[in-house]
Number of protein chains: 2
Amino acid sequence: ALGIASTATADLTPEEQIRFRQAGYSFMSWNMGRIKSNLDGNYNPEQVAAAANAINAIATSGMGSLFGPGTDRNVGNVKTRVKPEFFDNLDDVAVIAGNFVAATNALAAAANAGDEIEVSTTFGEVGQACKACHDKYRAD
Amino acid sequence: ALGIASTATADLTPEEQIRFRQAGYSFMSWNMGRIKSNLDGNYNPEQVAAAANAINAIATSGMGSLFGPGTDRNVGNVKTRVKPEFFDNLDDVAVIAGNFVAATNALAAAANAGDEIEVSTTFGEVGQACKACHDKYRAD
């Protein structure tokens with residue numbers, strides 16, 4: 001999932017890669033917020049399943065290819081919060097990303113099964129997996 | 001899918017709703033571009049399936065709830081390209097969105113089956129469905 005050079009994204013400018021990866025993370029965060037609201041309030045299984053499937057599909061979409069050359073710093077007026085350490089530790093990033101994908105698979109399975117208790121557990125695990133990456137590789 | 005008021009997004013500010021919907025559209029457009037590159041060049045069935053599943057999951061995530069009150073115009077420095085006509089024609093928007101969802105379901109099915117010919121056909125239909133909405137409801 002973290003193959004850095006891929007035919008299909010070789011054409012994208014660094015600015016485009018940064019914008020698309022931020023879009024993916026941002027859309028996941030909307031869906032994490034929706035699941036949290038459902039767990040805290042009225043649980044709507046269809047909405048939770050839709051949200052979990054969006055997170056899972058984005059997590060498994062191959063966003064690693066959006067961290068290509070030249071995306072390790074701000075480009076013009078496109079700012080990035082990735083830390084340079086990300087690019088020096090791709091093996092560690094791959095482990096973190098693998099854990100993250102596994103957690104989103106489990107969340108989607110629980111959500112599609114309508115199992116609120118299991119959604120609650122796996123939602124916490126996904127949140128931890130987001131945080132594991134941000135703590136090391138995203139600037140504040 | 002176009003229920004305008006939903007518990008889980010009632011908490012979001014108009015700015016947040018605009019940003020999240022733009023993130024969803026932007027991430028879909030990355031994935032449309034990847035599928036096009038695959039159809040034009042070397043066809044990688046795994047990448048196409050990942051891209052199609054991301055588009056399909058975002059299309060069915062319930063983005064209609066991100067068009068809440070106050071999101072029909074620019075808010076502070078958050079600009080929106082939605083046309084006011086969108087909010088006056090929610091029945092028509094629902095038809096367009098329904099066609100769009102059906103097209104992304106077909107694209108995902110073809111991509112997951114590894115059927116390049118059918119991916120090519122359904123990819124064209126998804127592109128038409130994006131355009132159908134933009135022509136009427138998105139400013140240039």
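What you see is a predicted model; the values in this text were computed from it and never measured.

J.: Can you help me understand the overall build of chain A in this one?
T.: When helices and strands are counted, chain A shows six helices and zero strands. N-terminal to C-terminal, the α/β element order of chain A is α-α-α-α-α-α. With respect to the principal axes defined by its C-alpha atoms, chain A has extents near 45 × 30 × 25 Å. Burial status across chain A gives 44% buried among its 140 residues. Considering only contacts within chain A whose residues lie at least 6 apart along the sequence, 75% involve residues at least 24 apart. Of the accessible surface of chain A, which amounts to about 6,800 Å², a share of 52% is contributed by carbon and sulfur atoms. Taken together, the 11 basic and 16 acidic charged side chains of chain A have centroids lying 8 Å from each other.

J.: What is the right way to read the side chain of Arg34(B) from this model?
T.: The topology assignment puts Arg34(B) in helix α1 (residues 14-40). The side chain of Arg34(B) sits in the buried core without any salt bridge; Glu46(B) is the nearest counter-charge, 9.9 Å away. One polar contact links the side chain of Arg34(B) to the main-chain carbonyl oxygen of Ser61(A), over a distance of 2.7 Å.

J.: Could you clarify how one ought to interpret the packing of aromatic side chains in this entry?
T.: Here a ring pair, both rings aromatic, is described through the centre-centre distance and the interplanar angle of the planes. Residues and elements named next belong to chain A. Evaluation of the coordinates by the stated rule reveals 10 aromatic pairs over all chains. Taken together, the ring pairs connect Phe67, Phe86, Phe87 and Tyr137 into an aromatic cluster. The side chain of arginine 34 reaches across the aromatic face of tryptophan 30, ending 3.9 Å from its centre.

J.: Quick question: what am I supposed to make of helix α3 (residues 45-59) of chain A here?
T.: The α-helix advances 3.6 residues per turn, and as a result positions three or four apart in sequence lie on the same side. Residue and element names in this part refer to chain A. For α3, which comprises 15 residues, the first-to-last C-alpha distance of 21 Å matches the rise-based estimate of 21 Å (1.5 Å per residue) to within 8%. Counting buried residues along α3, 12 of its 15 residues qualify, which places the element largely inside the surrounding structure. The N-capping residue of α3, defined by a side-chain oxygen 3.0 Å from the backbone nitrogen of glutamate 46, is asparagine 44.

J.: Before we go on, may I ask you to explain helix α5 (residues 116-137) of chain B in this structure?
T.: Over its 22 residues, α5(B) extends 31 Å from the first C-alpha to the last, a length consistent with the 32 Å expected when each residue adds 1.5 Å. Contacts made by the buried residues of α5(B) are with α1, α2 (45-59), α3 (85-88) and α4 (90-112) of chain B.

J.: I would appreciate a short explanation of the confidence of the model for chain A in the present structure.
T.: Atom-level detail of predicted coordinates should not be read off regions where pLDDT is low. Put simply, chain A has an average pLDDT of 94, and 93% of its residues get 70 or more. Within the model, pLDDT remains below 50 along residues 1-8 of chain A, and this stretch shows 22 contacts once partners closer than five positions in the same chain are excluded.

J.: Where do I start with the nonpolar core in this structure?
T.: Across soluble globular proteins, nonpolar side chains have a tendency to be buried as a group. Of all hydrophobic cores here, the largest spans 58 residues; its most connected members are Ile35(A) and Ile35(B). The set of elements that each furnish at least two residues to this core consists of α2 (14-40), α3, α5 (90-112) and α6 (116-137) of chain A together with α1, α2, α4 and α5 of chain B. Contact partners of Ile35(A), with chain neighbours within four places excluded, come to Val48(A), Ala51(A), Ala52(A), Ile55(A), Leu107(A), Val119(A) and Phe123(A).

J.: Teacher, can you tell me more about the relation of the copies chain B and chain A here?
T.: Applying a rotation about an axis and a shift along it to one chain copy brings it onto the other copy. Take chain B, turn it by 180°, move it 0.0 Å along the axis, and it overlays chain A with an RMSD of 0.0 Å. Such values leave the two copies arranged in the relation of a two-fold axis. Closest to the rotation axis within chain B is the C-alpha of Ala23(B), separated from it by 2.1 Å. A shared binding surface is used by both copies, with 96% of the interface residues of chain B retained as interface residues in chain A.

Conventions and cut-offs
- Residues numbered from 1 in each chain as written.
- Chains lettered and ligands numbered in written order.
- Predicted model: local features only at pLDDT ≥ 70, side-chain atom pairs only at ≥ 80, totals over all residues.
- Heavy atoms only, no water.
- Helix = DSSP H or I, 4+ residues; strand = E, 2+ residues; numbered from the N terminus.
- Buried < 20%, exposed > 50% of the residue type's maximum accessible area, 1.4 Å probe, protein only.
- Contact = heavy atoms within 4.5 Å.
- Areas by Shrake-Rupley, 256 points an atom, 1.4 Å probe, with all protein chains shown as cover.
- Lys, Arg positive; Asp, Glu negative; His and termini not counted.
- Charge placed at Lys NZ, Arg CZ, Asp CG, Glu CD.
- Salt bridge = Lys/Arg side-chain N within 4 Å of Asp/Glu carboxyl O.
- Polar contact = N/O pair within 3.5 Å; in protein donor to acceptor, adjacent residues only side chain to side chain.
- Phe/Tyr/Trp six-rings, centres within 6.5 Å; stacked < 30°, edge-to-face > 60°.
- Lys NZ or Arg CZ within 6 Å of the ring centre and 35° of its normal.
- Expected span 1.5 Å × (residues − 1).
- pLDDT = per-residue confidence, 0-100.
- Core = buried A, V, L, I, M, F, W, Y, C linked by side-chain atoms within 4.5 Å.
- Least-squares fit on C-alpha atoms with pLDDT ≥ 70 in both.

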